[in-house]
Amino acid sequence: MEKDRKELAVKALSFILWIMVYELISKIVGKSLLVPSVKEIISAFIHLCAEPMFRNTVFFSVLRIFTGFFAAVVFGVITAYCSYFYKIFYYFIYPVVSIIRAVPVASFIILTLLWIKSGYVPAFISFLIVFPVIWSNIFQGLKETDSKLIEMAKIFDFSFFKKIRMIYFPQTKPFFKSAGITGLGLAWKSGIAAEVISMPKLSIGRSLYEAKLYIETSELFAWTLTVIILSIITEK
C-alpha cells in the first residue's frame, strides 16, 4: 500500500511538472492564439461542460469508439484461437492482418467514407485499428503456452473446452490485458481522427475541427483534454 502511494505521488508530481513546463512555454510564446495558458484551457473546458450538447457529443463519440473496440476484441480473440488451432485459417487471416497494419489510417478513413455512412465510420475505423493488436497478442500468448501443460491435458483426457478454460485462457490473460490497454488507446486516437474527417453529427472530432476552423485554440485544447480524460477513465 505504501509503495502504491509513493508511486502515485511521483506520478502526480511528474504531471504537475509538465503542466508547469507547458505554462512556461505559453508565457514565452505570449500568444494565446497559438499556445493558450492552462487557465484559459481550464476555463474553456468548464464552459464546454456547461453546454447542453456536451454530454450528447461525448456520449455518441464514446458509443462509436467502444462499439468498434468491443467488436475488435470479440473478433480478434475468436480469430486468434482459430488461427492457433487451425493452420489453414492462420494462413487465410494473416495477409488481412498484415494489410491492415500497413495501410495508413487516413487511407482507411477516406475509403470507408465511400462505402458507409459517416456516422458509422469512426466505429469501423476503431475496429480495423484495434483488431490486429488483439489478434497478434492473443495468438502470441497461445503460441507460448507451456507444452508440458498441453501434454498433461492429453494424459488426463481434457475436453476441448476444458483445455480452453484451464490452460489457454489463463495463459493468454496477461496478453489480453496488454492488448486491451494498447488497443483502447488506439481506438480513441483512430476513432477521433475518423470523426475529424467524416464529421458525423454530435461528435468530438467534429467539435475539434470546428474549433480549429474558427481558430478557437482554447476550445481545441479543451476538447483534446476531454479526450485525454475519457481515455484515462476508460483505460482504468
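Check the entry above for the structure.
Remember, predicted model here, so these are calculated numbers, not experimental data. Residue positions are counted from 1 within each chain, in the order its sequence is given. Note on the predicted model: pLDDT of at least 70 is required for a residue's local features to be given, and 80 or more for side-chain atom pairs to be given and counted; whole-chain, interface and lining totals, by contrast, use all residues. Only hydrogens and water are set aside; all other atoms, that is, all heavy atoms of the structure, feed into the side-chain values.

1. A look at the layout of surface pockets
Thought 1: Both site types are read off a 1 Å grid over the protein atoms alone. A 1.4 Å probe that fits but cannot get out defines a cavity, while an open set with protein on both sides within 12 Å along at least five of seven lines defines a pocket; lining residues have an atom within 4 Å of a point. Grid points are joined across faces, edges and corners, and a volume is the space filled by probe spheres set on the points. Taken as a whole, the largest pocket spans an internal volume of roughly 410 Å³.
Thought 2: Secondary structure follows DSSP: runs of H or I at least 4 residues long count as helices, runs of E at least 2 residues long count as strands, and numbering of each begins at the N terminus. Elements represented by at least two residues in the lining of the largest pocket include exactly helix H1 (2–29), helix H2 (38–50) and helix H10 (217–235).
Thought 3: Element by element, the count of residues in the lining of the largest pocket is highest for H10, at six residues.
Thought 4: In terms of residue class, the lining of the largest pocket is built from twelve nonpolar, one polar and no charged.
Thought 5: The computed volume of the second largest pocket comes to approximately 190 Å³.
Thought 6: As for the second largest pocket, its lining consists of 13 residues, and the residues nearest its centre are Met 53, Thr 57, Ser 207, Glu 210 and Trp 223. Under the convention adopted here, Pro, Cys and the residues Ala, Val, Leu, Ile, Met, Phe, Trp and Tyr are nonpolar, Asp, Glu, Lys and Arg are charged, and Gly plus all remaining residues are polar.

2. Quick look at the packing of helix H3 (residues 54–85) against H10
Axes are the key here: two packed helices are described by the angle between their axes and the distance separating the axes.
Thought 1: Orientation is described by axes fitted as lines to C-alpha atoms, over the contacting stretch for helices, and by angles from 0 to 180 degrees between their N-to-C directions. The interhelical angle for the contact between H3 and H10, taken along N-to-C directions, is 50°, at an axis separation of 12 Å. With respect to their mutual orientation, H3 and H10 come out oblique. In the packing of H3 onto H10, the handedness of the crossing is right-handed. The segment H3 lies against H10, with Phe 54, Thr 57, Val 58, Val 62 and Phe 66 engaging Trp 223, Thr 226, Leu 230 and Thr 234. To sort the angles, those under 35 degrees are grouped as roughly parallel, those over 145 as roughly antiparallel, those from 65 to 115 as roughly perpendicular, and the leftovers as oblique. For a crossing to be left-handed, the near helix must be turned anticlockwise from the far one by less than a right angle; the clockwise case is right-handed. When checking whether two residues touch, look at their non-hydrogen atoms; a contact exists if any pair is within 4.5 Å.

3. Side note on unusual backbone geometry
Thought 1: Not every positive phi belongs to a glycine, and Leu 202 is a case in point at roughly 50°.
Thought 2: Any residue under 20% of the maximum accessible area for its type is buried, any over 50% is exposed, and the rest in between are partly exposed; the area is computed with a 1.4 Å probe on protein chains only. Relative accessible area serves as the criterion here: at 29%, Leu 202 is assigned to the partly exposed category.
Thought 3: Located in the positive-phi region is Ile 215, a residue other than glycine, with phi close to 55°.
Thought 4: As for its position among the elements, Ile 215 is in the loop between helix H9 (204–213) and H10.
Thought 5: Ile 215 sits in the exposed class, given a relative accessible area of 53%.

Interpretation note: all reported values are geometric properties and have no functional meaning in isolation.
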